[in-house]
Amino acid sequence: MRRKLIVGNWKMHKTVTEAQQDFVRFAELAGALATDMDLGISAPAISLPALAATAGRVVSVYAQNSHWEAQGAFTGEVSVPMLKDLGIAGSVIGHSERRQYFGETNETAGKRVAALLKSGMEAIFCIGETLQEREAGMLEKVLRDQLIQGFAAGELVQGREVIGSNPIRPLLSVAYEPVWAIGTGKAASPVEAAEAHALVRKVLAEVFDVDTAARVRILYGGSVKPENVATYFQVPDVDGALVGGASLKPEAFAELGTKGRV
Ligand code: PGA
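Residues numbered from 1 in each chain as written. Predicted model: local features only at pLDDT ≥ 70, side-chain atom pairs only at ≥ 80, totals over all residues. Heavy atoms only, no water.

Give a detailed account of the site of the ligand, specifying residues and quantitative values.
Taken together, 13 residues form the shell around the ligand, and within it Lys11, His95, Glu177, Gly183 and Ser223 come nearest. A distance of 2.8 Å separates an oxygen atom of the ligand from a polar side-chain atom of Lys11. Between the ligand and the protein, one listed contact pairs an oxygen atom with a side-chain N or O atom of Glu177 at 2.6 Å. Relative to its unbound accessible surface of 280 Å², the ligand loses 95% to contact with the protein. With respect to the pocket detection grid, the ligand is positioned in the second largest pocket. Grouping the constituent residues of the shell around the ligand by class yields 4 nonpolar, 7 polar and 2 charged. (Near = heavy atom within 4 Å. Polar contact = N/O pair within 3.5 Å; in protein donor to acceptor, adjacent residues only side chain to side chain. Areas by Shrake-Rupley, 256 points an atom, 1.4 Å probe, with all protein chains shown as cover. 1 Å grid on protein atoms, 1.4 Å probe; cavity = no way out; pocket = protein on both sides within 12 Å on 5 of 7 lines; lining within 4 Å. Sits in = over half its atoms within 2 Å of the grid points. Nonpolar A, V, L, I, M, F, W, Y, C, P; charged D, E, K, R; others polar.)

Encoded structure:
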C-alpha cells in the first residue's frame, strides 16, 4: 500500500515573508493529517532557506527546479548539494510551465531527476500531454517519450536509485499533469487519470522492474481542489496530488488534505 503524497506547488507566488507565514499556518492546520499521508510545499528558491528553517516533521519543503551539475557556470540555477545543505527534501522537475516557457526538454528534465535521486534526494518528475496531443491520439506516445527519454538521459537504470533507502518514502514520484488541466479549472476525469496512471506504472515497470514500479508514487495534478480530490484518491494508481491554485491558501490546502483522507 503506497502512502499518499500531497504537494502544494506555489509556483511564482508569495514573498519570503508571506511564504513563511503561510507555511507555518499550513503546518499547524495539517498536523493531524501527517499520520495518514506525506505533505509538502514546493516554493520559489528564494523562500527555501526560511521554510527549511521553520519546517518541522510535518511538512516537507521542495524546490521547483534544480540543476544536474553540483556547481559551475550555470547562471540562475541552483544545485542539488545547495538544496541538500538546507535540508530540502527534493525538487519538482520538468513542470509543464518549465517545458513551455523555459525550454525544458525530456533530456534536461531527466538529467535533473537523476542528479537528485543519485544524491538521495526526492524528485517529483512532471509529465503530461497538451490538449492537441490528446486529441491527436498521442497520449501514450507523449507519456512514454517523456519517461523513457528522461530516464535514458539521466542514465538511471537502477531500481534501487529510484527507491532509495526508505521503501515507504521512495525518492522518485511521477506527477501526471495533463497540460490542459493545469490552472484551467478543467480537471481530467478520474477515468482519464486512471488510464494515464496505469500507463505510467506500466512504463516504469518496463524501464526499471515491476517491484520498483509498484513502489513509485504517481501523483495527479491539474485543477485538484477540496471538492474533487477524493474522486482521484479512489483511483487505485493515484497515489497523491500536485496542487497549484488550491494550495495557495493554507486553510483551503488543509481542507484538501482532509478531504483526501482515505
Ligand atoms: P493547478 O496547478 O492545481 O493550479 O491546476 C497544478 C500544477 O501546475 O502543478
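Outline the pattern of salt bridges, listing residues and values.
By the definition in use, this model includes 22 salt bridges. Of the charged contacts, one joins Asp38 and Arg3 as a salt bridge, the two residues approaching to 2.8 Å between their closest N and O atoms. With Asp38 in strand β2 (residues 37–42) and Arg3 in the segment before β1 (4–9), the pair connects residues that are 35 residues apart, well separated along the chain. Of the residues examined, Arg3 reaches a relative accessible area of 25% and is grouped as partly exposed. If you follow the salt bridges from partner to partner, you end up with Arg3, Asp38, Glu122, Arg169 and Arg217 in one network. (Salt bridge = Lys/Arg side-chain N within 4 Å of Asp/Glu carboxyl O. Helix = DSSP H or I, 4+ residues; strand = E, 2+ residues; numbered from the N terminus. Buried < 20%, exposed > 50% of the residue type's maximum accessible area, 1.4 Å probe, protein only.)

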